[in-house]
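Listed here are the chains, written in short residue letters.
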Amino acid sequence: MNRSMSTLARSSLIVEVSARDGLQNLKPPAVPTAVKKELVERLLDTGLKVIEVGSFVRPDRVPQMADTPTLLPGLPSLRSEDPEVHYPVLVPNMRGLQSLLELEAASKASDPNVGPLTNEIAVFVSATEPFSKANNNASVDKVLSGLPAVIDKALERGYRVRGYVSCVMTDPLLDMGCYEVSLGDTTGEGNPEAWKTLWEALLKEDIPTSRLAAHCHDTFSMALPSILALLPLGLRIVDSSLAGLGGCPYSPGATGNVATEDVVYALHKLGYNTGVDLEKLVKSGNWLTKTIGISNESKVGRAIGARLALKEKAK
Ligand SMILES: CC(C)(COP(=O)([O-])OP(=O)([O-])OC[C@H]1O[C@@H](n2cnc3c(N)ncnc32)[C@H](O)[C@@H]1OP(=O)([O-])[O-])[C@@H](O)C(=O)NCCC(=O)NCCSC(=O)C[C@@](C)(O)CC(=O)[O-]
């Protein structure tokens, strides 16, 4: 197996999406901002560096993300001594970017010494028209034609820009200036063979796969096998969500993302270094699901959580 340990050992291997993708689809009541803040703090403490924290989308469309402007100023400030820490926020259009910039300006005005609230945005486009209509309320062409201005302005303001392609197949976003593109299997219908076919086609087209991430929903339990199948082909960036939380409000029936605990466990077992403390991660997953009253979809989280509980009892 070509493990290419030097690149795989990068701690940005995991892009943690639980605070955004994981929570966005939950039914009311809204997850309290304080819980989200603690979640991000716990995720940072596990060693995760890239943590998606919210969205600047229409609050009536995705109410669970409506508090992103309140959450951002309360997060641990981006530490200049650790430039790898990033808080991506979803920005669908110029209106969303404008809201973020206004928030940054208000924060600076109230304390000139305060640093930026975030250093990364994520734009998103769908590879299929029906999903584009449902998710972005616009055609693929319309979404794509609006993005260069958003990306340019964000880059100008010093943000790193990530791109998502939902219902994957193409990636014009790299050429537009995104540093990385995440390929979303939104409905979770991918499997190892389909992913390998896609990846090999991308390699053949000379697409820089080192700048591509896999974003697998685990609807049919195929997410982890698919990720593992891509490792020998050079996949080095995996989106995942604590406790397997997640789902897109516009992809009915598609369940959570692959669980971060399961990905980290598998990568460590296979000899990859993620920089993530698995035990802390498991504790955070069990804490979050208990706090907001939902089930923990991570098998690793449940198994190691049970062992940790036994150990605790025996003390
Ligand atoms: C995309 C939009 C914003 C288009 O929204 P729209 O309704 O088409 O926008 P519009 O330009 O027609 O404007 C209508 C009204 O919306 C307002 N508006 C316009 N834009 C914004 C904004 N950014 N924030 C707040 N308000 C906004 C705008 O100001 C106006 O307000 P009014 O003048 O009538 O009072 C809307 O359809 C929306 O919010 N959709 C939800 C998208 C979303 O968050 N989806 C889930 C995340 S994507 C995902 O989960 C997939 C992913 C990334 O994980 C990868 C994968 O798994 O595949």
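Residues numbered from 1 in each chain as written. Predicted model: local features only at pLDDT ≥ 70, side-chain atom pairs only at ≥ 80, totals over all residues. Heavy atoms only, no water.

> Mind showing me how you'd approach the confidence of the model for the protein here?
Segments scoring low in pLDDT should not have their predicted coordinates read at a detailed level. Mean pLDDT for the protein: 91, with 94% of residues reaching 70 or above. Segment residues 1–12: pLDDT under 50, and 23 contacts once partners within four positions in sequence are set aside and those in other chains are kept. Complex prediction metrics read pTM 0.86 and ipTM 0.98. (pLDDT = per-residue confidence, 0-100. Contact = heavy atoms within 4.5 Å.)

> How should the nonpolar core be read in this particular structure?
One recurring pattern in soluble globular proteins is that nonpolar side chains are buried together. The biggest cluster of nonpolar side chains holds 81 residues, and the ones touching the most others in it are Val53, Leu72, Ile121, Val123, Leu173 and Leu183. If one sorts the elements of this core by residue count, helix H7 (residues 140–156) sits on top with seven residues. Not counting residues up to four positions away in its chain, the partners in contact with Val53 are Ala19, Arg20, Val40, Leu71, Leu72, Leu75, Tyr87, Pro88 and Val89. (Core = buried A, V, L, I, M, F, W, Y, C linked by side-chain atoms within 4.5 Å. Buried < 20%, exposed > 50% of the residue type's maximum accessible area, 1.4 Å probe, protein only. Helix = DSSP H or I, 4+ residues; strand = E, 2+ residues; numbered from the N terminus.)

> Mind showing me how you'd approach the environment of Leu48 here?
Its location among the elements puts Leu48 in the loop between helix H3 (33–45) and strand S2 (50–51). C-alpha of Leu48 to C-alpha of Glu84: the two residues are 36 residues apart in sequence and 9.6 Å apart in space. Residues within four places of Leu48 in sequence aside, it is in contact with Ile14, Glu16, Leu43, Val276 and Leu281.

> Quick question: what am I supposed to make of helix H10 (residues 223–230) here?
Each α-helix turn comprises 3.6 residues. Residues three or four places apart therefore point the same way. Taken together, the buried positions of H10 are occupied by Ala223, Ser226, Ile227, Ala229 and Leu230. Viewed along the axis of H10, the buried residues span an arc of 160°, placing them on a single side of the element. (Arc of directions from axis to C-beta.)

> What is the right way to look at the site of the ligand in this model?
If you check the shell around the ligand, you find 25 residues, and the closest are Gln24, Arg58, Asn135, Ser166 and Thr186. Protein chains shield 73% of the accessible area of the ligand, which is 1,100 Å² for the free molecule. Those elements that provide at least two residues to the shell around the ligand are helix H2 (18–24), helix H5 (94–110), helix H6 (129–136) and strand S6 (160–166). The element best represented in the shell around the ligand is H2, accounting for three residues. In the shell around the ligand, the residues fall into nine nonpolar, eleven polar and five charged. (Near = heavy atom within 4 Å. Areas by Shrake-Rupley, 256 points an atom, 1.4 Å probe, with all protein chains shown as cover. Nonpolar A, V, L, I, M, F, W, Y, C, P; charged D, E, K, R; others polar.)

> Looking at this structure, I do not really get the packing of H10 against helix H11 (residues 260–269). What am I missing?
What describes two packed helices is the angle between their axes and the distance between those same axes. H11 packs onto H10 with a crossing angle of 35° between their chain directions and a minimal axis gap of 11 Å. In this structure, the crossing between H10 and H11 has a hand that is right-handed. Contacts between H10 and H11 involve Leu224, Ile227 and Leu228 on the former and, on the latter, Asp262, Val263 and Ala266. (Axes fitted to C-alpha atoms, helices over the stretch in contact; angles between N-to-C directions. Left-handed = near helix turned anticlockwise from the far one by under 90°.)

> Any chance you could explain the sheet that holds strand S7 (residues 180–185) here in plain terms?
Paired through backbone hydrogen bonds, the strands of a sheet run either parallel or antiparallel to each other. Across the sheet, nine strands lie side by side as S2-S1-S9-S8-S7-S6-S5-S4-S3; this open sheet has parallel pairing. On the outer flanks of this sheet lie S2 and strand S3 (54–55), each paired with one strand and no other. Strand direction decides the pairing type here: strand S1 (residues 14–16) and S2, joined by two bridges, are parallel. Directly across from Glu16, in S2, lies its bridge partner Ile51. Lying on the sheet, H11 is in contact with S1 and strand S9 (238–240); it crosses S1 at an angle near 170°. (Pairing = 2+ DSSP bridges.)

> Help me out: how do you make sense of the environment of Asn257 in this one?
Position of Asn257 relative to the elements: it lies in the loop between S9 and H11. Relative accessible area serves as the criterion here: at 2%, Asn257 is assigned to the buried category. Residues Asn257 and Gln64 lie 193 residues apart in sequence; the distance between their C-alpha atoms is 17 Å. With residues up to four places along the chain from it excluded, the contact list for Asn257 reads Val17, Asp21, Gly22, His215, Cys216, His217, Asp218, Ser241, Gly244, Leu245, Gly246 and Gly247. A distance of 3.2 Å separates polar atoms of two side chains, one belonging to Asn257 and the other to His215. (Polar contact = N/O pair within 3.5 Å; in protein donor to acceptor, adjacent residues only side chain to side chain.)

> Please explain the packing of aromatic side chains as it appears in this structure.
A ring pair, where both rings are aromatic, is described by two values, the distance of the centres and the angle of the planes. All chains considered together, the criterion is met by zero aromatic pairs. One cation-aromatic arrangement involves Arg160 over Tyr179; the distance from NZ or CZ to the ring centre is 4.0 Å. Arg162 extends its terminal NZ or CZ atom over the ring of Tyr164, reaching a point 5.3 Å from the ring centre. (Phe/Tyr/Trp six-rings, centres within 6.5 Å; stacked < 30°, edge-to-face > 60°. Lys NZ or Arg CZ within 6 Å of the ring centre and 35° of its normal.)

> Any chance you could explain the pairing of S7 here in plain terms?
Along any regular strand the residues' side chains alternate between the sheet's two faces. The buried count for S7 comes to six of six residues, which makes it a mostly enclosed element. On S7, burial covers both faces: Glu180, Ser182 and Gly184 on one face and Val181, Leu183 and Asp185 on the other are all buried. Bridge count for S6 against S7 is five bridges, and the pairing is parallel. What sits directly across from Tyr164, in S7, is Ser182. Where S7 lies against strand S8 (residues 212–216), five bridges are found, and the strand directions are parallel. From the neighbouring strand, Val181 faces S8, where its bridge partner is Leu212. Traced from S7 through helix H9 (residues 192–204) to S8, the parallel crossover comes out right-handed. (Right-handed = clockwise from strand over helix to strand, strands pointing away.)

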